[in-house]
Amino acid sequence: MANYFEKKEAHRRELEKYYNEKPNLRLKYAAIASIAIAIILLLINAFGWVGTSTTVQLLLQGCAGLFAIIFVVLVTILVYRVNAAHLNNKHPPR
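Residues numbered from 1 in each chain as written. Predicted model: local features only at pLDDT ≥ 70, side-chain atom pairs only at ≥ 80, totals over all residues. Heavy atoms only, no water.

*Asks:* Looking at this structure, I do not really get helix H2 (residues 22-47). What am I missing?
*Replies:* Every α-helix winds through 3.6 residues per turn, so residues three or four apart in the chain are directed the same way. With 26 residues, H2 ought to run about 38 Å at 1.5 Å a step, and its terminal C-alpha atoms sit 37 Å apart, in line with that. For H2, every residue scored as buried is listed here: Asn24, Leu27, Ala31, Ser34, Ala38, Leu41 and Asn45. Trailing H2 by a residue or two, Gly48 shows a phi angle of about 65°, which is positive. (Helix = DSSP H or I, 4+ residues; strand = E, 2+ residues; numbered from the N terminus. Expected span 1.5 Å × (residues − 1). Buried < 20%, exposed > 50% of the residue type's maximum accessible area, 1.4 Å probe, protein only.)

*Asks:* Just checking my understanding: could you explain the packing of aromatic side chains for this structure?
*Replies:* Two measures describe an aromatic ring pair: the distance that separates the ring centres and the angle between the ring planes. In the structure shown here, the tally under the stated rule is one aromatic pair. Residues Tyr4 and Phe5 carry aromatic rings whose centres are separated by 5.4 Å and whose planes lie at 70° to one another, so their mutual orientation is edge-to-face. (Phe/Tyr/Trp six-rings, centres within 6.5 Å; stacked < 30°, edge-to-face > 60°.)

*Asks:* I'm lost on the environment of Ala33 in this one. Help?
*Replies:* Inspection of the secondary structure puts Ala33 in helix H2. Linking Ala33 and Phe71, residues 38 residues apart in sequence, is a C-alpha distance of 8.5 Å.

*Asks:* Any chance you could explain the pattern of salt bridges here in plain terms?
*Replies:* For side chains bearing opposite charge, pairing can occur when the charged atoms are close. Under the counting rule described, the total for this entry stands at three salt bridges. For the salt bridge of Glu9 with Arg13, the shortest nitrogen-to-oxygen distance reads 3.8 Å. Highlighted residues: Glu9 and Arg13, both in helix H1 (residues 2-19), separated by four residues, approximately one helical turn. Several salt bridges share partner residues, and in doing so they unite Glu9, Arg12, Arg13 and Glu16 into one network. (Salt bridge = Lys/Arg side-chain N within 4 Å of Asp/Glu carboxyl O.)

*Asks:* In this structure, what is going on with the packing of H1 against helix H3 (residues 54-90)? I would like to understand it.
*Replies:* Packed helix pairs are characterised by how far apart their axes lie and by the angle those axes make with each other. Where H1 contacts H3, the two axes come as close as 9 Å, and the packing angle between them is 110°. Comparing the axis directions of H1 and H3 gives the class roughly perpendicular. The handedness of the crossing between H1 and H3 comes out as right-handed. Across the interface between the two elements, His11, Glu14, Leu15, Tyr18 and Tyr19 from H1 touch Leu78, Val79, Val82, Asn83, Ala85, His86 and Asn89 from H3. Residues of the contact of H1 with H3, tallied by class, amount to seven nonpolar, four polar and one charged. (Axes fitted to C-alpha atoms, helices over the stretch in contact; angles between N-to-C directions. Parallel < 35°, antiparallel > 145°, perpendicular 65-115°, else oblique. Left-handed = near helix turned anticlockwise from the far one by under 90°. Contact = heavy atoms within 4.5 Å. Nonpolar A, V, L, I, M, F, W, Y, C, P; charged D, E, K, R; others polar.)

If you want it as structure tokens, here you go:
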């Protein structure tokens, strides 16, 4: 069982160098910023710091949802790029 965890840790360290490349770091930071904005908008809406207007609440919820969708898209692109780069280096084309 320990061998499994050692292999998993080695694989994670191997992928980490791809995640730390400059374009991928920018994607990572953009994704973190996107989800942070979504959380802030939801907190503003939850604690009622803006107003009690239904239109404003729906607008805040819609914007938070939009930023959450942007987060999912950015993370999907990031994971795809990292795994594609890893597989291209592991199995070079013939």
